[in-house]
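Residues per chain are reported as follows:
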Amino acid sequence: MHYMLAVILIMIMYSFFLLYKIIKSNKPGGQIINISNIIKDASFVYLKKQFIVIWGFVIFFAILMFFGFSKTCTMGFLAGSLCSTMVCFFNMYVSVNANNRMLQSIIDNGLTGGFRIGILSGLSAGLYLTGLGLLLIVLSTMIICNKRIMLFLLGINVGVSLVCVFARLAGGIFTKG
């Protein structure tokens, strides 16, 4: 179990390393950076407002679950919702930083450079998503060692799904990495 935890942490750290490589590659200049900063600022303002609304629903459903279903399921629900929110913000950060670097890389190095940045950004977002999900599941199975684990995992599933669906319906392309 501890080896899995180590591998998962390496996955998450590698996703941050890939993000670092993206940010350090092909710094854009001039008009590209101006437009990119406007897009970055607008997308994060939108994402913050969206998640204020989403977390209103999350808290409402958590209260209903707490009193109507199970405390264990509620804790899993909140943990899953938090992880899904973290993935949305990370993927947004990767996306808005990779877009301008990809354009500058295409200008400097042709399509091959642009594809390289695109692959790195997709890999970074995917490793973070997978690593965070696996980390949540492995930690929950390490901490909760009895029959309540199924209720906790059910709560995780509902929390991740709720935030994902709301973010997808309300956010369109902004919440997808």
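About the cut-offs
Residue positions are given per chain, counted from 1 along the sequence in the order it is written. Predicted model: local features are reported for residues with pLDDT of at least 70 only, side-chain atom pairs are reported and counted for 80 or more only, and whole-chain, interface and lining totals are derived from all residues. For side-chain calculations, the full set of non-hydrogen atoms in the structure is used, while hydrogens and water are omitted. Put simply, DSSP H or I for four residues or longer makes a helix, DSSP E for two residues or longer makes a strand, and each gets a number counted from the N terminus. A 1.4 Å probe rolled over the protein chains alone gives each residue an accessible area, and that area as a share of the maximum for its type sets the label: buried under 20%, exposed over 50%, partly exposed in between. Contacts: residue pairs with any heavy atoms within 4.5 Å of one another. Here, Shrake-Rupley sampling with a 1.4 Å probe gives the accessible areas, and only protein chains in the shown set may cover a residue. Expected span of a helix: the number of residues minus one, times 1.5 Å. Bend is the name given here to the angle between axes fitted to two runs of seven residues, the run ending at a residue and the run starting at it. Residues adjacent in sequence count toward polar contacts only when both atoms are side-chain atoms; beyond that, a polar contact is any pair of N or O atoms within 3.5 Å, and within protein one must be able to donate a hydrogen and the other to accept it. For helices, the fitted axis covers only the stretch in contact; all axes are lines through C-alpha atoms, and the angles between them, taken along N-to-C directions, range from 0 to 180 degrees. Should an angle fall under 35 degrees it is taken as roughly parallel, and over 145 as roughly antiparallel, whereas 65 to 115 is taken as roughly perpendicular and any remaining angle as oblique. Under this grouping Gly is polar, as are all residues other than the nonpolar Ala, Val, Leu, Ile, Met, Phe, Trp, Tyr, Cys and Pro and the charged Asp, Glu, Lys and Arg. By nonpolar core is meant a set of buried Ala, Val, Leu, Ile, Met, Phe, Trp, Tyr and Cys residues that side-chain atoms within 4.5 Å join together.

(A) Fine view of the overall build of the protein. A count of helices and strands for the protein gives five helices and zero strands. Starting at the N terminus and ending at the C terminus, the protein contains elements arranged as α-α-α-α-α. Projected onto its principal axes, the C-alpha positions of the protein cover 55 × 40 × 15 Å. The proportion of buried residues among the 177 residues of the protein is 42%. Look at the contacts in the protein between residues 6 or more apart in sequence, and 82% of them connect residues 24 or more apart. When the accessible surface of the protein is split by element, carbon and sulfur atoms take 75% of a total near 10000 Å².

(B) Quick peek at helix α3 (residues 71-109). Along its 39 residues, α3 runs 55 Å from first to last C-alpha, staying within 8% of the 57 Å computed at 1.5 Å per residue. By the largest-angle criterion, Ala98 marks the main kink of α3, which is about 25°. Its side-chain oxygen at 3.2 Å from the backbone nitrogen of Thr72, Ser70 defines the N-terminal cap of α3. Directly beyond the C-terminal end of α3, a positive phi value near 85° is found at Gly110.

(C) Spatial organisation of the packing of helix α2 (residues 31-68) against α3. Across the interface, α2 lies against α3 with an axial gap of 11 Å and an inter-helix angle of 170°. On the basis of the axis angle, α2 is roughly antiparallel to α3. Residue composition of the contact of α2 with α3, grouped by class: 22 nonpolar, eight polar and three charged.

(D) Region of the structure containing the packing of α3 against helix α4 (residues 111-143). Interaxial distance between α3 and α4 falls to 8 Å at its minimum, and their mutual angle equals 170°. Classified by the angle their axes make, α3 and α4 are roughly antiparallel. Grouping the amino acids of the contact of α3 with α4 by side-chain chemistry returns 16 nonpolar, 10 polar and one charged.

(E) Representation of α2. The end-to-end C-alpha separation of α2 is 55 Å, in line with the 56 Å expected for 38 residues at 1.5 Å each. Within the sequence span of α2, burial applies to Ile32, Ser36, Ser43, Phe44, Leu47, Gln50, Phe51, Ile54, Val58, Ala62 and Met65.

(F) Main features of the side chain of Ser36. Considering the arrangement of structural elements, one finds Ser36 in helix α2. In this structure Ser36 comes out as buried when scored by relative accessible area, which is 8%. When sequence neighbours within four positions are dropped, the list of residues in contact with Ser36 reads Val96 and Asn100.

(G) Up close: the nonpolar core. Core analysis: the biggest nonpolar cluster contains 19 residues, and Ile12, Tyr128, Leu132 and Leu135 have the highest contact counts within it. At the level of elements, α1 (2-24), α3, α4 and α5 (149-171) are the ones that each hand at least two residues to this core. Look past the residues within four positions of Leu132 in its chain and what remains in contact with it is Ile12, Cys83, Met86 and Val87. Phe44, Ile54, Val58 and Cys73 belong to the second-largest nonpolar core, a separate cluster that totals 15 residues.

As far as function goes, none of this settles anything; it's purely spatial.
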